Amino acid sequence: MVDRELYTTDEEYSEKMLLAKVLKYPEERDSLRLDSKHFSDARHGAIYDKILNDRTFTKELLLNDSLTNPQLYGNFEFVRSVTDFPIPTKHGVTNDQKTVYDMYKRREENKIMK
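What you are looking at is a predicted structure, and each value in this text was computed from that prediction instead of being measured.

**Brief notes about the packing of aromatic side chains**
- Going through the model one piece at a time under the given rule, you end up with four aromatic pairs.
- Seen from their ring centres, Phe-39 and Tyr-48 are 5.0 Å apart, and the 40° between their planes marks the pair as tilted.
- Since its relative accessible area comes to 5%, Phe-39 is described here as buried.
- Overall, Tyr-48 belongs to the buried group, its relative accessible area being 0%.
- Seen from their ring centres, Phe-57 and Tyr-73 are 6.5 Å apart, and the 35° between their planes marks the pair as tilted. With Phe-57 in the loop between helix 2 (42-53) and helix 3 (59-68) and Tyr-73 in helix 4 (residues 70-73), the pair connects residues that are 16 residues apart, well separated along the chain.
- Across from the ring centre of Phe-78, 3.6 Å away, lies the NZ or CZ of Arg-43, which sits over that ring.

**Some points on the side chain of Ser-81**
- Here Ser-81 shows up in helix 5 (residues 76-83).
- There is a polar contact of 3.0 Å between the side chain of Ser-81 and the side chain of Lys-16.

**Looking at the nonpolar core**
- Counting 20 residues, the largest nonpolar core has Leu-18, Leu-19, Leu-32, Phe-39, Ile-51 and Leu-62 as its most contacted members.
- Of all the secondary structure elements, the ones that give two or more residues to this core are helix 1 (10-24), helix 2, helix 3, helix 5 and helix 6 (93-113).
- When neighbours within four sequence positions are excluded, Leu-32 is seen to be in contact with Leu-18, Val-22, Tyr-48, Ile-51, Leu-52, Val-93 and Gln-97.
- One finds Met-17, Tyr-25, Phe-85 and Ile-87 within the second-largest nonpolar core, a separate group that totals five residues.

**Some points on the environment of Met-103**
- Of note, Met-103 is situated in helix 6.
- For the pair formed by Met-103 and His-38, sequence separation is 65 residues and the distance between their alpha carbons is 8.2 Å.
- Look past the residues within four positions of Met-103 in its chain and what remains in contact with it is Asp-10, Glu-11 and Ser-14.

**Here we look at the packing of helix 1 against helix 5**
- Taken N-terminus to C-terminus, the directions of helix 1 and helix 5 make an angle of 75°; their axes are 8 Å apart at the nearest point. Comparing the axis directions of helix 1 and helix 5 gives the class roughly perpendicular. For the pair formed by helix 1 and helix 5, the contact residues are Lys-16, Leu-19, Ala-20 and Leu-23 on the first element and Ser-81, Val-82 and Thr-83 on the second.
- A breakdown of the residues in the contact of helix 1 with helix 5 according to their chemical character gives four nonpolar, two polar and one charged.

Calculation notes
Residues numbered from 1 in each chain as written. Predicted model: local features only at pLDDT ≥ 70, side-chain atom pairs only at ≥ 80, totals over all residues. Heavy atoms only, no water. Phe/Tyr/Trp six-rings, centres within 6.5 Å; stacked < 30°, edge-to-face > 60°. Buried < 20%, exposed > 50% of the residue type's maximum accessible area, 1.4 Å probe, protein only. Helix = DSSP H or I, 4+ residues; strand = E, 2+ residues; numbered from the N terminus. Lys NZ or Arg CZ within 6 Å of the ring centre and 35° of its normal. Polar contact = N/O pair within 3.5 Å; in protein donor to acceptor, adjacent residues only side chain to side chain. Core = buried A, V, L, I, M, F, W, Y, C linked by side-chain atoms within 4.5 Å. Contact = heavy atoms within 4.5 Å. Axes fitted to C-alpha atoms, helices over the stretch in contact; angles between N-to-C directions. Parallel < 35°, antiparallel > 145°, perpendicular 65-115°, else oblique. Nonpolar A, V, L, I, M, F, W, Y, C, P; charged D, E, K, R; others polar.

Put into structure tokens, the structure is as follows:
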């Protein structure tokens, strides 16, 4: 059986990396500057909003919320793909945000050009 979560787009990878870092290293949340609209996946945006607005939000609470509110954050497996994302270090949150924002700008430019 193929694990489809291993195959993600660059956008999904960048978004999951950022979310996983700030869940694992809450002290990095002070540097967050994006809006939820910058995420290509609305579920990632909802997770980001919750992290931004609730400083006590943990990955355990997120996993629990995925069971009680899967339409907002995604189902348990989707949320687990964020919480279990392999993170080598807490460094680079600013650069991760820049990557997410750059991809957002590209999507917006493509909409305009169509």
